[in-house]
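Overview (structure and organization)
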Amino acid sequence: MSEPAAKPAPKVGFVSLGCPKALVDSERILTRLRGEGYEISPTYEGADAVVVNTCGFLDSARDESLDAIGEALAENGKVIVTGCLGAEEGLIRARFPQVAAVTGAHRYDEVVGAVHEAVAPPPLDPFRELVPPQGIRLTPRHYAYLKISEGCDHKCSFCIIPQMRGPHVSRPVGEVLREAEVLVENGVKELLVVAQDTSAYGLDVRYAPGEWRSREWRADLQGLAAGLGELGVWTRLHYVYPYPHVDRTIPLMAEGKILPYLDIPFQHASPKVLKAMRRPGNQEKTLERIARWREICPDIVLRSTFVVGFPGETEEDFQVLLDWLEEARLDRVGAFAYENVEGAAARDLDGHVPEELKQERRERFMAAASRISRDKLKAKVGTKIQVLVDEVRRDGVAVARSRGDAPEIDGNVFVRGASLKPGEFAEVKVVRADAYDLWAEPADRGALRAAPMLAPGRRMHRVISRL
């Protein structure tokens, strides 16, 4: 008598919204679910339940998250909500009373438990390996986000992240370094270090050391960066608050241990506006520090984001910001028009700037930033640079990034005439530049064949795509 056919494993769909920190949360939840035998569905109709990992940093992000929840309910009906907006359970349940469960950010056990309630896990086969050593990842194989801490202790008046994600909590340094090592052993060529405040790493544990590779490593930004530098891959620091001790990472960049790249959200330059934001306010000293960084590491690339149209910002304050930008000559710049986020202290400030004026200032600011970027990139024409390939288009052009470009937020290097594959490094010669991107050809054209016709790569930041 034949045995009955095995019951198919339950499937879970996943929509991941927001920043790279939230993406790491999604990867961890998916890894847990896959380890319990759940399969991952790329469509709503194929899923037995759907998890929506939300963002709530700005009103526009909240709106996108609420739209995603509504879409998942309409398309599937069995929806678990997690992430930053999950901290506002009353808001979500008032609008969507039929959601199966609501949890806050990085509540992995609660999310998995809610999935169990929605659809029971399958019986496990002890002889079947379900999860690769590096876990389930939503990035391309050659790069990965490495989250080193959770939460934030700052009280910036425009931000509600501490209310949604809680206080700063650092991961043990040995644990972080072991995770990074496993990622590299499984093909990762670039580690993108992320946290709400990367530079505060270790502060809450008094920089308690940890062991890795039979050595003791101090749990601070410098110690962690030095350890990651032992792995021999690109290591990129994001979300670095401009503490003085950040200066100690610059020599590691000059030595080639980590990438000469710092992502520091300066937010503004006017002392009055920075005080209202509850941010560090001495931008003259910041300019001096930038000059010292460039003396130590001439190749350093500085990325930053700014908020324009903050309550009380005058035309004089905005001009201070423009003048500071001209002097700082940052390499990669983004700007947001201030959003009056519910729950943020800045909502109660006087002097809110009209929306039209906020947008006009943002356009002026980005025009200046674009001009500076164009000048800096044009100076690279004729030089040779190292790139990492992200994808190869159907026309054979490799879409790559330089050491100064983070995925998805910075520019690209488009390489023609090379037989390259995603995840490969190459040396190329820059032949053209615009305000954000470079065009290049192989540095040694005779050593490379014509590029094959390959399907374009996909950036899977959502298992179920809403694009």
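Residues numbered from 1 in each chain as written. Predicted model: local features only at pLDDT ≥ 70, side-chain atom pairs only at ≥ 80, totals over all residues. Heavy atoms only, no water.

1. Considerations on the pairing of strand 12 (residues 234-237)
So the rule is basically this: The classification of residues rests on relative accessible area computed with a 1.4 Å probe and restricted to protein chains. Under 20% of the type maximum is buried, over 50% is exposed, and intermediate values are partly exposed. The way it works is that DSSP assigns letters per residue, a run of H or I at least four long becomes a helix, a run of E at least two long becomes a strand, and they are numbered from the N terminus. The criterion for strand pairing is that DSSP finds at least two bridges linking the strands in question.
Going residue by residue along strand 12, you find W234 and R236 tucked away on one face and T235 and L237 tucked away on the opposite face as well. Bridge count for strand 9 (residues 190-194) against strand 12 is four bridges, and the pairing is parallel. Following the sheet pairing, L192 is matched in strand 12 by R236.

2. Details of the confidence of the model for the chain
Condition: One number per residue, pLDDT, summarises how confident the predictor is, and it ranges from 0 to 100. The contact criterion used is simple: two residues touch if any of their non-hydrogen atoms lie within 4.5 Å.
With 92% of its residues at a pLDDT of at least 70, the chain reaches an overall mean of 90. Low pLDDT (under 50) marks residues 446-467, which in the prediction has 62 contacts with non-local residues, meaning those over four places away or in another chain.

3. A word on the environment of W293
Where we set the bar: Here a polar contact is recorded for every N or O atom pair within 3.5 Å, except that within protein the pair must consist of a potential hydrogen donor and a potential acceptor, and residues adjacent in sequence are included only if both atoms are side-chain atoms.
Here W293 shows up in helix 10 (residues 283-296). Residue class for W293 comes out buried when judged on its relative accessible area of 2%. The spacing of W293 and V381 is 88 residues in sequence and 24 Å in space, taken between C-alpha atoms. With sequence-adjacent residues up to four places away left out, W293 is seen in contact with D247, I250, L262, I264, I300 and L302. At a separation of 3.0 Å, a polar atom in the side chain of W293 contacts the side chain of D247.

4. Re unusual backbone geometry
The phi angle of most residues is negative, glycine excepted, and most peptide bonds adopt the trans form. Although it is not a glycine, S214 sits at a positive phi angle of roughly 60 degrees. Position of S214 relative to the elements: it lies in the loop between strand 10 (210-212) and strand 11 (215-217). Its identity as a non-glycine residue notwithstanding, R278 has a phi of 65 degrees, on the positive side. Among the secondary structure elements, R278 is positioned in the loop between helix 9 (271-277) and helix 10. Residue R278 is classed as partly exposed on the basis of its relative accessible area, which comes to 49%.

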